[in-house]
Amino acid sequence: MEKEAPNLPVEVISYILHFLSTSDRKEASLVNRAWYAASLDQSLQKNVFYHLQGTSDSLEFIRDLGQRQASCVALSDLDASATSKMVVQNIALHLAPHLKKLFLRDSNITESSFMALVPSCRNLRGLDLSGCNSLFLPGTLLSTEESKARTAKALVDLRELNLSNLRYLSDLIFNRLTECTPKLQMLALAACPIAFEFDPYRGLKMYNSTGMLTLNSILSLLCKQAATLKCLNFSRTSITSEAIQSVVQVTGLHLEVLLLRHCKDLTDDAVCAICMCQPGLTTLDLTGCAELTNRSVSAVTGLPYLEHLFLGKIRLLTDNGLKNLSTIPTLQTLDLSECYQVSGLELVKGFVLPQARASLVSLNFSCCTMVKDSCVFSMGTILCESLQVLDLTSCVYITDFSVCVITNYLKGLTTLRLGWCKEITDKGLLGLNIANNNRQLGMKEIRFQELKTLTLSMVREITDESVISIAAHCRSLEGLALNHCAHLTDQGMIAAACHMKRLTNLEISCCDKITNQALEVLMQQCKWLRSLDVSMCGGLLIADIERLQHFHPRLTSVKAKYMGVWTCVPDSLNETG
């Protein structure tokens, strides 16, 4: 292989790799040393995150990442121990100059470790402090002019700040921290206890409470940085309709992304105000805003640049409210999961109207139990040119006819989820002739060149024959979920393994006929396999799982619940992209 590979300059190889997906780049990096060196080009590492733990095992790996000039790192398991401090010091020494994104999510990082690390990161563009409650609990973060000045120097070009899930975030610390970040584009305060209705200052302009975060401080920040802020996340907060109207009416604020997941106090009036005051929105997430109705969706259709719309768990929505969504010219993503009154027919019909302009790329009908074969047929014929992601999880009335529609028309799919669709059998997955309502569809073979993720969990009637066929014809698969598919055996998994060279995630929990013999073959054939779920597999012993982990250290995440003893290896020292 080494002699046959073209003798190209590393720069040329790097240029070629730019045109490949992450999984393809991984494969190409194994050609020879020159291709491996080219794969480490900084321009190819923008979306590669390295996960490190605050343990001594990370120290050598940190030095290696420093040589690679890794730009995105996530740290976990940090605390006040000497080992964690040593990890932080090594990151500050070897990685800090190159870091552009630093994730400290849910770690117990202390204030001293924070000050030892963050001021050394002079090129940070993203900082995630979500769930770092130990850092904010004492209330002394950035309390001295010296610490504030050092932090401000490092965060002067910060664009993204995540302060979600912080129980002890107060006005005082919020103001100290955001004064160090004058160029913010994204601010996340999801799940933070914020006082939206109570004003402890009674009109005064000094927002320095040490006990709570109030709307006053947030509005003050928005006014100061309205020119740069483009994304706000208030998901899972108690934000009221009056409060969100105050936010979107800030002078000079032109939002592109607004996330309001599970903000249960929002009303249709609030959504109308959002759409009127922020016409430049490209992403709007209203998932779980249970009080909303079709009136909100009608208001959303007036957003001319909207690309991604999330309306899951809004149970008052009906088909009539969705029929005009196709008139949004830029709409690409639509999430209607758990909208139980939606059958999808009116929505899909809207895409054949003369005024229809959208080209959906992603459509989520998960748990929409009124969706049936007729909807899937219309969707397949109308959206065949654009759709890449389709989620039909728990659409319990769709049958093999829908599978044939998908295999005949939706050739560009990269993600397909059919979990809990219990009417699906081998007949549909093998592409046999299927008739429904005087329509007959047939397919000699199932071939999805681009399919990367497939979920068939709880599709209990499928057998080895389907899995072998899927593996043989969907060679790009990276994630496969077959939980509760009780007919699967070692014979099927072994036969399929040789075709699934790119597989990184496999879920086969509750498949009692799978034994250690199949797992060993999978590990040998699927070189990129990193995550495995074999929970409640009756044919496996906990000793099998321990042996697998010992001999295959690249398998960094194993779930084996309810097998006598629970075993779980956390993600560590692994890279994802």
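Residues numbered from 1 in each chain as written. Predicted model: local features only at pLDDT ≥ 70, side-chain atom pairs only at ≥ 80, totals over all residues. Heavy atoms only, no water.

### A word on the overall build of the chain
(1) Moving on: Each helix and strand in the chain was counted, giving 22 helices and 25 strands.
(2) Moving on: At 26 Å, the chain has a C-alpha radius of gyration in line with the 25 Å of a compact globule built from 577 residues.
(3) Moving on: Dimensions of the chain, computed from C-alpha atoms along their principal axes, come out at roughly 75 × 60 × 55 Å.
(4) Moving on: Across the 577 residues in the chain, those meeting the buried criterion constitute 53%.
(5) Moving on: Of the contacts formed within the chain by residues at least 6 apart in sequence, a portion of 77% connects residues at least 24 apart.
(6) Moving on: Carbon and sulfur atoms provide 52% of the accessible area of the chain, an area that totals close to 25,100 Å². (Helix = DSSP H or I, 4+ residues; strand = E, 2+ residues; numbered from the N terminus. Rg over C-alpha atoms; globule rule 2.2 N^0.38 Å. Buried < 20%, exposed > 50% of the residue type's maximum accessible area, 1.4 Å probe, protein only. Contact = heavy atoms within 4.5 Å. Areas by Shrake-Rupley, 256 points an atom, 1.4 Å probe, with all protein chains shown as cover.)

### Digging into the pairing of strand β1 (residues 49-53)
(1) Moving on: One ladder, built from 4 bridges, connects β1 with strand β2 (residues 72-76); its direction is parallel. What sits directly across from H51, in β2, is A74.
(2) Moving on: After leaving β1, the chain enters helix α4 (residues 58-68) and then returns to the sheet as β2, a path that is right-handed. (Pairing = 2+ DSSP bridges. Right-handed = clockwise from strand over helix to strand, strands pointing away.)

### Considering unusual backbone geometry
(1) Moving on: A positive phi angle, near 55 degrees, is found at R236, a position not held by glycine.
(2) Moving on: Along the polypeptide, R236 turns up in the loop between β9 (231-233) and α11 (241-248).
(3) Moving on: Note on R236: relative accessible area 44%, which makes it partly exposed.
(4) Moving on: In this structure, C510 is a non-glycine residue whose phi angle is positive, near 65 degrees.
(5) Moving on: Among the secondary structure elements, C510 is positioned in the loop between β21 (505-507) and α21 (516-525).
(6) Moving on: In this structure C510 comes out as buried when scored by relative accessible area, which is 15%.

### Considering the pairing of β2
The side chains of a regular strand alternate between both faces of the sheet.
(1) Moving on: When you tally the buried positions in β2, you get 4 out of 5 residues, the bulk of the element.
(2) Moving on: In terms of strand pairing, β2 meets strand β3 (residues 101-103) through 3 bridges, oriented parallel. What sits directly across from C72, in β3, is K101.
(3) Moving on: The handedness of the β2 to β3 crossover, carried by helix α5 (residues 82-94), is right-handed.

### Observations regarding the packing of aromatic side chains
(1) Moving on: Within the structure shown, the criterion is met by 6 aromatic pairs.
(2) Moving on: Taking the centre distance of 5.2 Å and the plane angle of 80 degrees together, the rings of Y15 and F19 count as edge-to-face. We note that Y15, like F19, is exposed.
(3) Moving on: Grouping aromatic residues by their ring pairs yields a cluster made of F377, F401 and Y409.
(4) Moving on: Over the ring of Y397 we find K372; its NZ or CZ atom is 5.6 Å from the centre of that ring.
(5) Moving on: Its end group placed over the ring of F448, K411 keeps NZ or CZ at 5.5 Å from the ring centre. (Phe/Tyr/Trp six-rings, centres within 6.5 Å; stacked < 30°, edge-to-face > 60°. Lys NZ or Arg CZ within 6 Å of the ring centre and 35° of its normal.)

### Focus on a negative patch on the surface
(1) Moving on: Negative charge collects at one region of the surface, where E197, E242, D265 and E291 lie side by side.
(2) Moving on: Its location among the elements puts D265 in the loop between β10 (257-259) and α12 (268-277).
(3) Moving on: Given the relative accessible area of 46%, D265 is considered partly exposed. (Patch = residues over 30% accessible without salt bridge, like charges linked within 9 Å, V, L, I, M, F, W, Y side chains within 5 Å. Salt bridge = Lys/Arg side-chain N within 4 Å of Asp/Glu carboxyl O. Lys, Arg positive; Asp, Glu negative; His and termini not counted. Charge placed at Lys NZ, Arg CZ, Asp CG, Glu CD.)

### Some words on the nonpolar core
Here is a general trend for soluble globular proteins: nonpolar side chains tend to be buried in one another's company.
(1) Moving on: Formed by 169 residues in total, the largest nonpolar core has its most connected members in L163, L189, I244 and F365.
(2) Moving on: The residues contacting I244, other than those within four sequence positions of it, are F234, I239, L258, L260, L266, A270 and I274.
(3) Moving on: Of all hydrophobic cores here, the second largest spans 6 residues; its members include L17, A28, W35 and A38. (Core = buried A, V, L, I, M, F, W, Y, C linked by side-chain atoms within 4.5 Å.)

### Focus on the side chain of E338
(1) Moving on: Residue position: E338 is located in the loop between β13 (333-335) and α15 (345-349).
(2) Moving on: Setting aside chain neighbours within four positions, we find E338 in contact with K313, R315, S366, C367 and C368.

### Some words on a nonpolar patch on the surface
(1) Moving on: Together, L8, V12, Y15, I16 and F19 make up a nonpolar patch on the protein surface, roughly 480 Å² of accessible area in all.
(2) Moving on: According to the relative accessible area criterion, F19 is exposed, its value standing at 61%.

### Points about the environment of T210
(1) Moving on: Looking at the secondary structure, you find T210 in the loop between β7 (194-195) and β8 (213-214).
(2) Moving on: The class for T210 is exposed, based on a relative accessible area of 64%.
(3) Moving on: Beyond its immediate chain neighbours, meaning those up to four positions away, T210 contacts S170 and L172.

### Describing the side chain of S241
(1) Moving on: In this fold, S241 is placed in helix α11.
(2) Moving on: Residue S241 is classed as buried on the basis of its relative accessible area, which comes to 5%.
(3) Moving on: In this structure S241 touches D265, L266, T267 and A270, once residues within four positions along its chain are discounted.

### Considering the packing of helix α19 (residues 464-473) against helix α20 (residues 490-497)
(1) Moving on: Where α19 meets α20, the closest approach of the two axes is 8 Å, and the angle between their N-to-C directions is 5 degrees. As far as their axial angle goes, α20 and α19 are roughly parallel. Across the interface between the two elements, D464, V467, I468 and A471 from α19 touch Q491, G492, M493, A495 and A496 from α20. (Axes fitted to C-alpha atoms, helices over the stretch in contact; angles between N-to-C directions. Parallel < 35°, antiparallel > 145°, perpendicular 65-115°, else oblique.)

### Regarding α4
(1) Moving on: Residues of α4 that are buried: S58, L59, F61, I62, L65, G66 and R68. The buried residues of α4 all sit within an arc of 165 degrees when viewed along its axis, so they share a single face. Exposed side chains of α4 directed beyond 90 degrees from the buried face belong to E60 and Q67.
(2) Moving on: Once α4 ends, the next one or two residues include Q69, with phi positive near 60 degrees. (Arc of directions from axis to C-beta.)

### Looking at the packing of helix α10 (residues 215-224) against α11
Helix packing for two helices is described by the angle between their axes and how far apart those axes are.
(1) Moving on: Close contact between α10 and α11 brings their axes to 10 Å; oriented N to C, the two are set at 20 degrees. Classified by the angle their axes make, α10 and α11 are roughly parallel. Regarding α10 and α11, the two cross each other, and that crossing is right-handed. Of α11, the residues touching α10 (which contributes L215, L219 and L222) are A243, S246 and V247.
(2) Moving on: Of the residues assigned to the contact of α10 with α11, the class counts are 5 nonpolar, 1 polar and no charged. (Left-handed = near helix turned anticlockwise from the far one by under 90°. Nonpolar A, V, L, I, M, F, W, Y, C, P; charged D, E, K, R; others polar.)

### Details of the confidence of the model for the chain
(1) Moving on: Mean pLDDT over the chain: 90, with 94% of residues reaching 70 or higher.
(2) Moving on: Throughout residues 565-577 the model reports pLDDT below 50, and contacts reaching past four residues in sequence, or to other chains, amount to 42 contacts. (pLDDT = per-residue confidence, 0-100.)

### Overview of the environment of A195
(1) Moving on: With respect to the secondary-structure elements, A195 resides in strand β7.
(2) Moving on: Using a relative accessible area of 15% as the deciding quantity, one classes A195 as buried.
(3) Moving on: Between the C-alpha atom of A195 and that of T214, which follows or precedes it by 19 residues, the distance is 4.6 Å.
(4) Moving on: Non-local contacts of A195, meaning those with residues more than four positions away in its chain, are made with M212, L213, T214 and L215.

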